[in-house]
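Working through the structure, step by step
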Amino acid sequence: MKNIVIVGAGYAGVLTAKKLAKRLKKQENVQITVIDKNPFHTMYTELHEVAAHRVDEDSIKISLERVFAGRNVHVVLDTVTSIDFDGKVLEGRVGTYPYDYLILATGSKPTFFGVPGAEEISYTLWSYDDAVVLREHLLHVFRRAARETDPAERRRLLTFYVVGAGFTGVEMAGELAELVPLLCEKFEIDRDEVSMFDVDVLDRTVPILPKKLSDKVERRLTKMGVQVMLGTGVAGIGKDYIELKQGDTVECHQAGTVIWTAGIESSDIVSEAAKALQTARRGRVVTDKYLRAVDHEDVFIAGDNIMYVPEGEENPVPQMVENCEQSADTIAHNLTVQLTGQGELEDYRPKFHGVMVSVGGRYGVAQVGT
Ligand SMILES: Cc1cc2nc3c(=O)[nH]c(=O)nc-3n(C[C@H](O)[C@H](O)[C@H](O)COP(=O)(O)OP(=O)(O)OC[C@H]3O[C@@H](n4cnc5c(N)ncnc54)[C@H](O)[C@@H]3O)c2cc1C
């Protein structure tokens, strides 16, 4: 029996498992196992909509048992804590899993760049739990503000900072701007008492977009009441304040809520695996053109965890859903070739169709084609 183990049931892990199950349908001596720390797949691309009460929290989770019903895929609920690449075995919190082929698809987690207080105090947006915690906090903070009689404290409670004006930050700020008038009405708070900021050290929003579209995003956020502060770093975050840095000047501002969307790095298990694998750029695993970890032909890397610059390109593949979909195809093909000894390995040559960023539920900008 050959064991194929996939760690992570995000976009990349789920798609790779489905494609492999289809290709290997007739191979009776193959077991495909998907391990995830949650019993469900999370649609990360909609986390901001949950956080800002636009969609129901259950609408972004899909049961893994249901996803793989009727397929030769065994689902395991566990958190993988270490990998022995020589012994070919994974250690989880509840079990041990030997493998013949391993696919790492554990995605990313927020990174805080050593900013004091950022990890401990700010709210993040990179898991189902993060989105639900933020959703409840936003309601709670308006509830508290409504019965606060000290005007300064009331103003502080109603001051929101989103740190990061990339993809996630802009989408979060846009959703927040649409939620605020609804909460003001619900809790009978004057809209003018609420302040919203989106802060970024770079000089424009969503740098993956052309400048013209970045400017459109900035204008839209401003129109929605978000003060966009570019060229502004964060020097520290405390229980009730944020320190902003412009040039050499650091100023402390009162803040009720800070949402941290300033950057990501590889998940914990990939950082742990980095002791044995080659990694680059915030812990992504360097792969060969077949998406295998360098020097480990039995370990494939999928989705956000990949660090690979396709032939003829200057930049590594983007950490986006299209990269998950297309890496799943290549891995399913190449692993099948290695396992069966039939066919030729194929290079990873992804084609990306563009980028779309929503700023609230009614406005978005898109760059079609790359
Ligand atoms: C708010 C937001 C909006 C976004 N919008 C877009 C968008 O519009 N378009 C776009 O293309 N991309 C978007 N992205 C990025 C996109 O979501 C990611 O590129 C994508 O989720 C990466 O997929 P993945 O399968 O590599 O990892 P993930 O989706 O992160 O999945 C990783 C899985 O691994 C599991 N896991 C992690 N560690 C372990 C462990 N040790 N043991 C077991 N399981 C583990 C996790 O539970 C998770 O299920 C957005 C992201 C966010 C947060």
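Let me sum up the structure you'll find in this document. For clarity, every value in this text was computed on a predicted model and none was experimentally measured. (Residues numbered from 1 in each chain as written. Predicted model: local features only at pLDDT ≥ 70, side-chain atom pairs only at ≥ 80, totals over all residues. Heavy atoms only, no water.)

I4, L20, F68, I83, L90, L102 and I103 are the most contacted members of the largest nonpolar core, which totals 53 residues. Once you skip the residues sitting within four places of it in the chain, L90 turns out to touch V5, V7, I35, V80, S82, I83, G95, T96, Y97, Y99 and L102. Of all hydrophobic cores here, the second largest spans 47 residues; its members include L138, V194, L213 and V217. (Core = buried A, V, L, I, M, F, W, Y, C linked by side-chain atoms within 4.5 Å. Buried < 20%, exposed > 50% of the residue type's maximum accessible area, 1.4 Å probe, protein only. Contact = heavy atoms within 4.5 Å.)

Attention shifts here to unusual backbone geometry. Of note, the phi angle at E188 is positive, near 55°, even though the residue is not glycine. Relative to the assigned elements, E188 resides in the loop between α7 (167–187) and β13 (195–199). By relative accessible area, which is 73% here, E188 ends up exposed. Residue L291 is not a glycine yet carries a positive backbone phi of 70°. With respect to the helices and strands, the residue L291 is situated in the loop between β21 (284–286) and β22 (299–301). (Helix = DSSP H or I, 4+ residues; strand = E, 2+ residues; numbered from the N terminus.)

On to helix α1 (residues 11–23). Helix length check: α1 (13 residues) gives 18 Å between terminal C-alpha atoms against 18 Å at 1.5 Å per residue, within 8%. For α1, the set of buried residues is A12, G13, V14, T16, A17, L20 and A21. (Expected span 1.5 Å × (residues − 1).)

A12, D36, V80, D304 and V321 are the nearest of the 32 residues found near the ligand. Between D304 and the ligand, the recorded distance is 2.8 Å, taken from a side-chain N or O atom to an oxygen atom. In this structure, an oxygen atom belonging to the ligand sits 3.1 Å away from a main-chain N or O atom of Q319. Its free accessible area being 1000 Å², the ligand has 94% of it covered by the protein chains. Residue assignment for the shell around the ligand shows that the elements contributing at least two residues are α1, β2 (30–36), α2 (47–51), α7 and α10 (321–340). The element contributing the most residues to the shell around the ligand is α7, with three residues. Looking at side-chain class alone, the shell around the ligand contains 16 nonpolar, eleven polar and five charged residues. Counting contributing residues, the shell around the ligand receives three or more from each of domain 1 (2–110 + 265–354) and domain 2 (118–262). (Near = heavy atom within 4 Å. Polar contact = N/O pair within 3.5 Å; in protein donor to acceptor, adjacent residues only side chain to side chain. Areas by Shrake-Rupley, 256 points an atom, 1.4 Å probe, with all protein chains shown as cover. Nonpolar A, V, L, I, M, F, W, Y, C, P; charged D, E, K, R; others polar. Domains from an automatic or database assignment.)

So, on to the packing of aromatic side chains. Counted under the stated rule, the structure contains seven aromatic pairs. Judged by centre distance (5.8 Å) and plane angle (35°), the ring pair of F112 and W260 falls under tilted. On the criterion of sequence distance, the pair formed by F112 in the loop between β10 (108–110) and α4 (118–121) and W260 in strand β18 (residues 257–260) is long-range, its members being 148 residues apart. Site record: aromatic cluster; members linked through ring pairs are F142, F160 and F187. Lying across the ring of F40, K61 places its NZ or CZ 4.9 Å from the centre. (Phe/Tyr/Trp six-rings, centres within 6.5 Å; stacked < 30°, edge-to-face > 60°. Lys NZ or Arg CZ within 6 Å of the ring centre and 35° of its normal.)

Now for the environment of V294. Summarising the element assignment, V294 is placed in the loop between β21 and β22. The sequence separation of V294 and K186 amounts to 108 residues, and the corresponding C-alpha distance is 55 Å.

Strand order across the open sheet formed by five strands is β11-β18-β12-β13-β14, with parallel pairing between neighbours. Edge strands, defined here as strands with exactly one partner in the open sheet, are β11 (123–124) and β14 (226–229). Both strand β12 (residues 159–163) and β13 contribute to a ladder of five bridges, which runs parallel. Each bridged residue has a counterpart across the sheet, and for Y161 the counterpart in β13 is F197. Together, β12, β13, β14 and β18 form the strand contacts of α7, whose direction differs from that of β13 by roughly 175°. (Pairing = 2+ DSSP bridges. Axes fitted to C-alpha atoms, helices over the stretch in contact; angles between N-to-C directions.)

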